[in-house]
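# Observations on chain architecture
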Amino acid sequence: MLNLVLFGPPGAGKGTQSQKLIEKYGLIHLSTGDLLRNEIAQGTILGLEAKKLMDEGLLVPDEVVIGMISNKLDANPQAKGFIFDGFPRTVAQAAALDTLLSEKNTAISGMVALVVDDQELENRLLLRGKDSGRPDDANPEVIRKRINEYNSKTAPVAEFYKGQDKFTSINGIGSIEEIFGSVSSVVDQY
Ligand code: AMP
């Protein structure tokens, strides 16, 4: 199986690159942000609880997102592989993902990190907020909080995969096609 973690701060382009990767490699896209927004749209209790944190730019609890990912892995036993987008966002989530995959006799093939500086991220997210309708993209203070959450809790996840020799970073600034070329050349080596 090809199991890819697409990594990077909010606004790095993970969603855009994921769409192109699922087409090229026939993988299933698992975005915990999308799964949470789906719960909110359906008005579930999980969604209501998560929305409060998401609107403030804070991470939702590990057990919530780990449970959602576990369900999706179980629901797709025939998958050729998965792209994890926006997950894992803490070291505890990364360790839990290793356990879930090893129970299915598979593992993460590698992590590709998209590198974009903070100023560019803020600009992109404010621009995206104009059409995405996402409340967490609309407010500069919330955007900064999301970037802070990333720097304090999520950035250490890169070290987790470096320790397993599964980490590659690429420049996340450039055209969508250029960046896709760089991501693909890494993925082709897995
Ligand atoms: P995203 O769409 O990936 O930018 O996620 C939007 C929001 O959903 C984040 O700011 C968090 O509040 C929440 N979220 C998404 N994925 C995770 C995760 N793996 N762990 C904790 N919170 C998450």
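Since this is a predicted model, take the numbers as computed values, not measurements. (Residues numbered from 1 in each chain as written. Predicted model: local features only at pLDDT ≥ 70, side-chain atom pairs only at ≥ 80, totals over all residues. Heavy atoms only, no water.)

### What about the packing of helix 1 (residues 14-25) against helix 10 (residues 176-187)?
Look at helix 1 against helix 10: their axes get within 10 Å of each other, and the N-to-C directions meet at 50 degrees. Judged by the angle between their axes, helix 1 and helix 10 are oblique. Crossing of helix 1 over helix 10 shows right-handed handedness. Counted together, Thr16, Gln17, Lys20, Leu21, Lys24 and Tyr25 of helix 1 and Ile176, Glu177, Ile179, Phe180, Val183, Ser184 and Val187 of helix 10 form the full contact between these two elements. When grouped by side-chain class, the residues that make up the contact of helix 1 with helix 10 number seven nonpolar, three polar and three charged. (Axes fitted to C-alpha atoms, helices over the stretch in contact; angles between N-to-C directions. Helix = DSSP H or I, 4+ residues; strand = E, 2+ residues; numbered from the N terminus. Parallel < 35°, antiparallel > 145°, perpendicular 65-115°, else oblique. Left-handed = near helix turned anticlockwise from the far one by under 90°. Contact = heavy atoms within 4.5 Å. Nonpolar A, V, L, I, M, F, W, Y, C, P; charged D, E, K, R; others polar.)

### Considering the site of the ligand
Within the structure, the ligand sits among 16 residues, and Thr32, Arg37, Leu58, Gly86 and Arg89 are positioned closest to it. Between the ligand and the protein, one listed contact pairs an oxygen atom with a side-chain N or O atom of Arg37 at 2.9 Å. At a separation of 3.0 Å, a nitrogen atom of the ligand approaches a polar side-chain atom of Arg89. When the ligand sits alone it has 480 Å² of accessible area, and the protein chains cover 96% of it. For the shell around the ligand, the per-class residue count stands at seven nonpolar, four polar and five charged. (Near = heavy atom within 4 Å. Polar contact = N/O pair within 3.5 Å; in protein donor to acceptor, adjacent residues only side chain to side chain. Areas by Shrake-Rupley, 256 points an atom, 1.4 Å probe, with all protein chains shown as cover.)

### Quick look at the side chain of Ser18
With respect to the helices and strands, Ser18 occurs in helix 1. Separated by 2.8 Å, the side chain of Ser18 and the backbone oxygen of Lys14 make a polar contact.

### A word on the sheet that holds strand 1 (residues 2-7)
Whether parallel or antiparallel, the strands of a sheet pair through hydrogen bonds between backbone atoms. Overall, parallel pairing links the five strands, which are arranged 2-3-1-4-5 in an open sheet. Only two strands of the sheet have a single neighbouring strand rather than two, namely strand 2 (28-31) and strand 5 (167-171). With direction set aside, neighbouring strand axes in the sheet form an average angle of 20 degrees. Relative to strand 3 (residues 81-85), strand 1 runs parallel, the two sharing five bridges. Looking across to strand 3, one finds that Val5 is bridged to Phe84. Relative to strand 2, helix 2 (residues 32-41) is tilted by about 70 degrees, and along the sheet it contacts strand 2 and strand 3. (Pairing = 2+ DSSP bridges.)

### Description of the pattern of salt bridges
For the structure on display, the rule yields 15 salt bridges. Where Glu120 meets Arg124, a salt bridge forms, and the shortest distance between an N and an O atom there is 2.9 Å. Of the two residues, Glu120 and Arg124 both sit in helix 6 (residues 118-132), four residues apart, roughly one turn of that helix. Classification of Glu120 as partly exposed rests on a relative accessible area of 26%. (Salt bridge = Lys/Arg side-chain N within 4 Å of Asp/Glu carboxyl O. Buried < 20%, exposed > 50% of the residue type's maximum accessible area, 1.4 Å probe, protein only.)

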